[in-house]
Amino acid sequence: MNEKRLDSELRFHFDQLVADYVRQGMSDADARRKARREFGGMEGVKEECRDARGTLWLDSTLQDIRFSLRSLRKNAALTITVVGTLALGIGANTAIFSVVNGVLLRDLSYPRADRVVALFETTPPQLPQASAAYLNYLDWRRLNGTCQELGALRWGDFNLTGSGDPERLHGRMVSASALSVLGAAPFIGRTFTPEEDRAGGKPVVLISESLWRRRFSADPGILGRSLTLNGNSYAVVGVLPASFEFPFRFGSSVEDVATPLAQSTDPPMQDRLFHPGIRVVGRLKTGVSVETARADFTRIARALAQEYPKANQGHGISVTPLKDVLVSGVSGRLYLLLGAVGFVLLIACANVANLLLARATAREPEIAMRTALGASRLRIIRQMLTESLLLSFAGGLAGLLLASLGTSVLLKSAARVLPRSEQIGMDGRVLLFTFATAVFTGLLFGLAPALQFSRSQMRKSGRGIVAGRHAFRDLLVVVQVALALPLLVGGALMIRTLWNLRGVDAGFDSHNMLVAEISFSPAAVSTGPSIRRAYADLIRRIERIPAIDSVAATGNLPMTGDDSAAPIWVEGRPAPKTESDLPIGLLYPATPDYLRVTKIPLLRGRFINQHDSEKGSPVMVIDETAARNLFPNEDPIGRRIVVGTGGPSQIVGVVGHVKHSGLDDDVTARFHLQLYYPVVQLPDTFLKFVATGVQTFVLRTTSSPLGLDDALRAAVRSVDPEDVVSNIRPMDEIVAGTLASRRLLLILLGTFAGIALLLASVGIYGVISYSVSQRTREIGIRMALGARPGDILRSVVGQGAILSLTGIAAGVVASFFLTRFLSSALFGVGRTDPLTFGGVAIGLGLIAISASFLPALRGSRADPLAALRCE
């Protein structure tokens, strides 16, 4: 029953009563007068009807909303300020939650992704999560009883030739079972059959939807078409949709092709001592837990250690949910950021609560009038909470817009740092989070002012109530300062970390150094001699470019994540019984000018040179860390080292140590022993394996390396039109990329800290300014009695100083506990560094005192007579 129908029905009954009295002989005026007395007040009757039908709460709520909208419209400046403050807090929280949601909370896109696990070989303490030996993977698949299926994947790059310009494609070599585990479903064609996934099987390929559309114009007749990859012909059997992604992506690269893994003839695939980048995934059987699978694979590891002790003694097998593996590197830092941005929201709530407390003071006559007219305390609280919720919902809507923009900016700079970045975006869960945050925020900042002023109106006003309000507002300021300080400390620690890292000696000179990836044509890699000629011809041709000083090739470039490694031992010493007892050497196959290009210092002996050919004696150069660890107190020159299953190589020189994995690498890292050897001295079989992959060429330029792309591509094409040049970038960019995750953390923490500092400063200014306005009478009397402006200034600034120092003390205590979550990201500075804590505390204190200085100055310049007249 709506209001119009209720009004119409009551009017009908009133008119009927009047008509009854008229029929009894009364005049119309007397009948109406008596009917009103008997019927009662129309509004009162309406209230009774509403109570009877149970809709009074709805009507009163709508009334509260309408009243709140009118009230907020009258105070447009305050409304805009509050909504803007809340938009910053809610928007920042929504943006970070959208990242956490996409990276950590969303399920993987594979069917029943919670049943998919990743398996690694473990060789503690050096390689706690290593790739698997291919032959070991085959045994895992055969012997396990807890997985429905196991599959293997391996990275592989391919030269696409024969149709259009040659192109280098990122790809995968995958087992047919891996496609089954991951639920790959081509939208055109099929996946690999078991018959194709074996040595000698029919060469087939799966291509991505991106490649299908870009290179083949979405040709529906693509199935059966022949593609030439690395000189071999492959028949297309399916097109994988854009929504499907292989796990363990390398950076932001997209895999465009996939070929059967078992068809690979690479020598490392047939030797248990080699771990050629095999990643293993499995799907647990129904009802099997991860713990049960771990016990099963522990049994398998022990069995393989007994059967193949040289390769597997001391090795284990780790079983981890695939999602945990993919996000393990970022989960802690993302939750840290979510907690940090929560601090920003709390500071925003405290700031808004202070603003509403000040506004409620001006509304005391209104609240007193409503109380006198019979409004209950609960009714007043509900009215004020309605206003708070309307403000928070408006702030939430504005925050969503800010979050959408902020997320877009974040993804542009963090796509390489964040796994699963393509999953980040606004979805139902993010919208629900924003709504819940808005409700929580509205209740948080609205409840305290509502309770404070409804209580004051239920009692007589007095100094105790006024003092209580001041104390509460002071407490809010203390909370803001206390919450801001940990954010400022975190930002300062990250600034010092990046500063320390920028001063680290990487072991080589990245300035004026250009890196390019070159893929040899199929003809160039057909034989050992042709590969050696390809290296020499390319280096000679590139050196002719005017801006190029020197050129070298390497199979392992620092700072890129390359990890070509093998067990090593010193000839003449007792051979260890198992591989796990051997140190791991990081291998740098290189050409003679590599040291000249990189400017790695030569400490002893010589580097490899033109005379170290395939016909000469095998030689090797080691770094200073290998010399110190393998040959303590003796000269390593002339000693011989055995790498893997190969023959011995004589040490001819010692060079400086290079920070391989990043600027924060140290000599205890797993790849701290570095070995350089001539790439041309590799046996033909291994040389072909190395040359089939992408080759990294490093160039030392005489000036800025930018702008040489076209000249470099032309030089390479002049040697062989089917050679492909890709991924040309300055080495400085690669080095800077190793700091990307820390830089992102700094930017976000710094942004949050800046917002927190701004809000805290505004909060202090507001409280002190309000305090000065409330003390107008006191200040006037004091100045009339002879107080000087300096006395007033010191008194008011002292009040601000006490509040800020109290907040700083609480913030320092909180920071000691909270910075432990930042420890893993720090370098060269402790999480409780006294200099950082002291500097931030002093800086925040000075800013806080400065925020209280302006209202203090205004109060000290007040005219005492005018102040007393105002009162």
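Residues numbered from 1 in each chain as written. Predicted model: local features only at pLDDT ≥ 70, side-chain atom pairs only at ≥ 80, totals over all residues. Heavy atoms only, no water.

## What about the overall build of the chain?
Within the chain, the secondary structure is distributed over 27 helices and 22 strands. Residues classed as buried in the chain amount to 51% of the 871 residues present. Put simply, of all contacts in the chain between residues at least 6 apart along the chain, 80% involve residues at least 24 apart. A total of about 39,100 Å² of accessible surface is found on the chain, and carbon and sulfur atoms cover 58% of it. (Helix = DSSP H or I, 4+ residues; strand = E, 2+ residues; numbered from the N terminus. Buried < 20%, exposed > 50% of the residue type's maximum accessible area, 1.4 Å probe, protein only. Contact = heavy atoms within 4.5 Å. Areas by Shrake-Rupley, 256 points an atom, 1.4 Å probe, with all protein chains shown as cover.)

## A few points about the packing of helix α17 (residues 528-543) against helix α20 (residues 684-692)
Taken N-terminus to C-terminus, the directions of α17 and α20 make an angle of 50°; their axes are 9 Å apart at the nearest point. By the criterion of interaxial angle, the relationship of α17 to α20 is oblique. With respect to the hand of their crossing, α17 and α20 are arranged in left-handed fashion. In this structure, α17 uses Gly-528, Pro-529, Ile-531, Arg-532 and Tyr-535 to contact α20, whose residues at the interface are Asp-684, Leu-687, Lys-688, Val-690 and Ala-691. (Axes fitted to C-alpha atoms, helices over the stretch in contact; angles between N-to-C directions. Parallel < 35°, antiparallel > 145°, perpendicular 65-115°, else oblique. Left-handed = near helix turned anticlockwise from the far one by under 90°.)

## Observations concerning the nonpolar core
Residues Leu-334, Phe-508, Tyr-594, Tyr-676, Met-731 and Phe-752 are the most contacted members of the largest nonpolar core, which totals 97 residues. At 17 residues, the largest contribution of residues to this core is made by helix α23 (residues 740-774). Leaving out residues up to four positions away in the same chain, Tyr-676 has contacts with Tyr-588, Tyr-594, Ile-600, Phe-607, Val-619, Met-620, Val-621, Val-655 and Val-658. Judged by nonpolar contacts, the second largest core, of 46 residues, contains Phe-520, Val-551, Val-643 and Ala-715. (Core = buried A, V, L, I, M, F, W, Y, C linked by side-chain atoms within 4.5 Å.)

## Remarks on empty space enclosed by the protein
The full count for this structure, using the stated rule, is 5 cavities of 30 Å³ or more. As a volume, the second largest cavity reaches approximately 50 Å³. Looking at the lining of the second largest cavity, the elements with two or more residues in it are α6 (134-143), α9 (290-307) and β11 (316-321). Across the lining of the second largest cavity, the residue classes tally to 4 nonpolar, 4 polar and 1 charged. (1 Å grid on protein atoms, 1.4 Å probe; cavity = no way out; pocket = protein on both sides within 12 Å on 5 of 7 lines; lining within 4 Å. Points joined across faces, edges and corners; volume = space filled by probe spheres on them. Nonpolar A, V, L, I, M, F, W, Y, C, P; charged D, E, K, R; others polar.)

## Looking at the packing of aromatic side chains
Applying the stated criterion to the full structure yields 13 aromatic pairs. Here the aromatic rings of Phe-393 and Phe-435 are separated by 5.8 Å at their centres, their planes lie at 5°, and the arrangement is stacked. With Phe-393 in helix α14 (residues 377-414) and Phe-435 in helix α15 (residues 428-458), the pair connects residues that are 42 residues apart, well separated along the chain. Measuring from centroid to centroid gives 4.6 Å for Tyr-588 and Tyr-676, while their planes differ by 15°, and the two rings are stacked. Placement of the pair is Tyr-588 in strand β15 (residues 584-590) and Tyr-676 in strand β20 (residues 673-678), with a sequence separation of 88 residues. Classification of Tyr-676 as buried rests on a relative accessible area of 0%. (Phe/Tyr/Trp six-rings, centres within 6.5 Å; stacked < 30°, edge-to-face > 60°.)

## Overview of the environment of Pro-855
By secondary structure assignment, the location of Pro-855 is in helix α26 (residues 834-860). Take Pro-855: its relative accessible area is 0%, and that puts it in the buried class. A C-alpha to C-alpha distance of 9.0 Å links Pro-855 and Leu-793, two positions 62 residues apart in sequence. Dropping the residues within four chain positions of it, Pro-855 is found in contact with Tyr-765, Ile-768, Ser-769 and Val-772.

## Topic: unusual backbone geometry
A positive phi angle, near 55°, is found at Asn-512, a position not held by glycine. By the element assignment, Asn-512 lies in the loop between α16 (463-502) and β12 (513-519). We classify Asn-512 as partly exposed; its relative accessible area is 30%. The phi dihedral of Lys-599 is positive, around 60°, even though this residue is not glycine. Here Lys-599 shows up in the loop between α18 (594-598) and β16 (602-605). Residue class for Lys-599 comes out partly exposed when judged on its relative accessible area of 47%.

## Digging into the pairing of β12
Burial of β12 is extensive: 7 of the 7 residues sit out of reach of the surface. Of the two faces of β12, the one carrying Met-513, Val-515, Glu-517 and Ser-519 and the one carrying Leu-514, Ala-516 and Ile-518 are both buried. Pairing of β12 with strand β21 (residues 695-701) involves 6 bridges; the strand directions are antiparallel. Note on β21: the bridge partner recorded for Val-515 is Val-698. Inspection of the sheet shows β12 paired to strand β22 (residues 724-730) by 5 bridges, in the antiparallel sense. Considered in β22, the bridge of Glu-517 is made with Ser-726. (Pairing = 2+ DSSP bridges.)

## Describing the pattern of salt bridges
What the rule picks out here adds up to 27 salt bridges. For Asp-549, the salt bridge is made with Arg-596, and the minimal N-O distance between the two is 3.7 Å. Taken together, the positions of Asp-549 in strand β13 (residues 548-554) and Arg-596 in helix α18 put the pair 47 residues apart, joining distant regions of the chain. By relative accessible area, which is 36% here, Asp-549 ends up partly exposed. Residues joined in a network through salt bridges with shared partners are Glu-167, Arg-214, Arg-215 and Asp-256. (Salt bridge = Lys/Arg side-chain N within 4 Å of Asp/Glu carboxyl O.)

## Description of helix α8 (residues 209-216)
Restricting attention to buried positions, one finds in α8 the residues Glu-209, Leu-211, Trp-212 and Phe-216. Here the buried residues of α8 occupy an arc of 165° about the axis, which is enough to place them on one side. Where α8 is buried, its residues touch β4 (167-174), β5 (188-189), β6 (204-208), β7 (226-229), β8 (232-240) and β9 (257-260). A positive phi of about 55° marks Ser-217, the residue just after α8. (Arc of directions from axis to C-beta.)

## Notes on a positive patch on the surface
Taken together, the side chains of Arg-66, Arg-70, Arg-73 and Lys-74 define a basic patch exposed on the protein surface. Examined against the element boundaries, Lys-74 turns out to sit in helix α4 (residues 56-74). Under the relative-accessibility criterion, Lys-74 is labelled exposed at 72%. (Patch = residues over 30% accessible without salt bridge, like charges linked within 9 Å, V, L, I, M, F, W, Y side chains within 5 Å. Lys, Arg positive; Asp, Glu negative; His and termini not counted. Charge placed at Lys NZ, Arg CZ, Asp CG, Glu CD.)

## Structural notes on the environment of Ile-65
Counting through the fold element by element, Ile-65 comes out in helix α4. It is 9.8 Å that separates the C-alpha atoms of Ile-65 and Leu-389, two residues lying 324 residues apart in sequence. Setting aside residues up to four positions removed in sequence, Ile-65 forms contacts with Thr-386 and Leu-390.

## So, the pairing of strand β18 (residues 640-643)
As paired strands, strand β14 (residues 565-570) and β18 are joined by 3 bridges and run antiparallel to one another. Across the sheet, Trp-569 pairs through a bridge with Val-642, a residue of β18. Pairing of β18 with strand β19 (residues 648-655), which is carried by 3 bridges, proceeds in the antiparallel orientation. Bridging across to β19, Ile-641 finds its partner in Ser-649.

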